[in-house]
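Take a look at the letters that make up each chain.
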Amino acid sequence: MNTHSLTEALSPLGWPTARLQLAAHFILAVLKLGTVNLARLANIFDTTAQADSSYKRLQRFFRHFDWDSAVLARWLASGLDEADWVLCLDRTNWKFGKHPINILVLAVAYRGIAIPLFWTVLGKAGNSSTAERKQLLNRFIDTFGV
């Protein structure tokens, strides 16, 4: 898949073209390198921009762009046969310096991979609460039904 075809595939998200193109570059770079390190990803973008410019674009994208999580989840799941879905609820945490990063993720396991549909940053160290897990599941139900 190339950037142009992935940009077209992302178009149902309704984002501006520049956002779609950046998202396509990002996705292809993640698939190629197997990392989400923005500095490393920016180095392999298939573009005439310098790596530093691509890195700053990625930072702005994730810092300033709000997307509708339900629209994104529906797009991510659009090609999946719902009969094969297994929902997975998991938490990941690590530290960035002394700052804890703690994310609760609801994914669908599909043909050997987990595709994250909804997530929430917990903003605290430690386990998620029952209320936090229910909230994530309710977002799924509101989007896909029971």
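The written sequence of each chain sets the order in which its residues are numbered from 1. Residue-level local features of this predicted model are given only where pLDDT is at least 70; pairs of side-chain atoms are given and counted only at 80 or more, and the full residue set underlies all totals for whole chains, interfaces and linings. Excluded from the side-chain calculations are hydrogens and water; all other atoms, namely the structure's heavy atoms, are used.

Draft legend 1. Quick peek at the pattern of salt bridges. Whenever a carboxyl oxygen of Asp or Glu lies within 4 Å of a side-chain nitrogen of Lys or Arg, that contact is scored as a salt bridge. With the rule as written, the count across this model stands at two salt bridges. Taking the shortest distance from any N to any O, the salt bridge between D52 and K56 comes out at 3.2 Å. Taken together, the positions of D52 and K56, both in helix α4 (residues 51-64) and four residues apart, correspond to about one turn of that helix. Only protein chains enter the calculation, and the probe is 1.4 Å; a residue is then buried if its accessible area is under 20% of its type maximum, exposed if over 50%, and partly exposed in between. Judged by its relative accessible area of 42%, D52 falls in the partly exposed class. A run of H or I in DSSP becomes a helix once it reaches four residues, and a run of E becomes a strand once it reaches two; helices and strands are each numbered from the N terminus.

Draft legend 2. Structural detail: the sheet that holds strand β1 (residues 86-96). We treat two strands as partners when DSSP finds at least two bridges between them. The antiparallel open sheet is built from three strands, whose spatial order is β1-β2-β3. Each end of this open sheet is capped by a strand with a single partner; those strands are β1 and β3 (113-121). Ignoring strand direction, the axes of neighbouring strands in this sheet form an average angle of 30 degrees. Pairs of residues are marked as contacts when any of their non-hydrogen atoms sit within 4.5 Å. Angles here are taken between N-to-C directions and fall from 0 to 180 degrees, while the axes themselves are lines fitted to C-alpha atoms, restricted in helices to the stretch in contact. Helix α6 (residues 130-144) rests against β1, β2 (99-110) and β3 of the sheet, and its axis sits at about 120 degrees to β3.

Draft legend 3. Quick look at the packing of aromatic side chains. Aromatic pairs are defined between Phe, Tyr and Trp rings, using the six-membered ring for Trp, whenever the two ring centres lie within 6.5 Å; interplanar angles under 30 degrees are classed as stacked, those over 60 as edge-to-face, and all others as tilted. One pass over the full model with this rule turns up six aromatic pairs. Ring geometry for W15 versus F61: centroids 6.0 Å apart, planes at 65 degrees, classification edge-to-face. Of this pair, W15 sits in the loop between α1 (3-10) and α2 (17-33) while F61 sits in helix α4; the two residues are 46 residues apart in sequence, bridging distant segments of the chain. With a centroid separation of 4.9 Å and an interplanar angle of 35 degrees, the aromatic rings of F140 and F144 are classed as tilted. Of this pair, F140 and F144 both sit in helix α6, four residues apart, roughly one helical turn. Residue class for F140 comes out buried when judged on its relative accessible area of 7%. Through a chain of ring-to-ring contacts, three or more aromatic side chains come together here, namely W15, F26, F61 and F62.

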